[in-house]
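Observations on the model geometry
The primary structure of each chain is shown beneath.
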Amino acid sequence: MSLTARIVLGFDAVCQAVQNLSNLADRLSLNRGLDLTNGTGANQANVLYHDERTLADGAEETLDLYGGTLLDGLKNALTMEKLKVLFVKNTSTDASLLIGGATTTPVDLFADVSDVFKQRPGGVFLTTAPDANGILLTTNKNLKLAHDGTGTSNLIYEIIAIGVD
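Throughout what follows, the structure given in this document is the object of discussion. Small disclaimer: the values here were computed from a predicted structure and weren't measured. Each chain carries its own residue numbering, running from 1 in the direction its sequence is written. In keeping with the predicted nature of the model, local features appear solely for residues at pLDDT of at least 70, side-chain atom pairs appear and are counted solely at 80 or more, and the whole-chain, interface and lining totals rest on all residues. Excluding hydrogens and water, the side-chain values take into account all heavy atoms of the structure.

**Here's the deal with the nonpolar core**
Note the threshold: Note on terminology: a nonpolar core comprises buried Ala, Val, Leu, Ile, Met, Phe, Trp, Tyr and Cys residues joined through side-chain atoms within 4.5 Å. Burial here depends on accessible area, computed with a 1.4 Å probe over protein chains only, as a share of the maximum for the residue type. Under 20% is buried, over 50% is exposed, and the range in between is partly exposed. A run of H or I in DSSP counts as a helix once it spans at least four residues, and a run of E counts as a strand once it spans at least two, with each numbered from the N terminus. In what follows, residue pairs with any heavy atoms lying within 4.5 Å of each other are defined as contacts.
Val88, Leu145 and Tyr157 are the most contacted members of the largest nonpolar core, which has 26 residues in total. Where this core is concerned, the elements lending two or more residues are strand 4 (47-56), strand 6 (82-90), strand 7 (97-100), strand 11 (142-147) and strand 12 (154-164). Residue contributions to this core peak at four residues, all from strand 12. Contacts of Tyr157, omitting those with residues within four sequence positions, involve Asp51, Glu52, Arg53, Leu55, Glu61, Leu63, Val88, Lys89, Asn90, Thr91, Leu97 and Leu145. By size, the runner-up hydrophobic cluster in this structure holds eight residues, among which are Leu3, Ile7, Leu36 and Ile162.

Structure follows, in structure tokens:
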């Protein structure tokens, strides 16, 4: 199996103000990207996991990114040793997604049960660790996701994890 990936983040924004007979404008056009080639070193990855998942009102789940309980898109057991990219999008319009806080072996981004990121409705979480070390998952492998109990009865989120096996 071989993997290549391009993660792109772009901003195109204009802030305008009318001043007497003229318009003032502050324009921002910024594009940043991360290219990953196949492999295990810096700026490389060889494992891809992606899914759209549903949590009932107040429900939670813990994803084991290393232990082989999740399947990748080709139906292979996922044993990701290093995390290089994590993307989570909360598609709910009225409920927050709680990311982190696993009680056992949490991913180092959320190394304590009290480390929880509250992702607002429609929000996106993206982090990258493209260096050769990545975020080690062999011992700290569990990513907890929870519906905060407000809004709709179901919360749908998208998750993409790219790393090294």
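**Concerning the environment of Gln119**
Heads up, the rule is: Throughout this description, a polar contact denotes any pair of N or O atoms lying within 3.5 Å of each other; where both atoms belong to protein, one of them has to be capable of donating a hydrogen while the other can accept it, and for residues adjacent in sequence the pair is counted only when both atoms sit in side chains.
The topology assignment puts Gln119 in strand 8 (residues 116-119). For the pair formed by Gln119 and Ser96, sequence separation is 23 residues and the distance between their alpha carbons is 5.5 Å. Beyond its immediate stretch of four places on either side in the chain, Gln119 contacts Val88, Lys89, Asn90, Ser96, Leu97, Ile99, Val124 and Phe125. A polar side-chain atom of Gln119 sits 3.1 Å from the main-chain carbonyl oxygen of Gly123.

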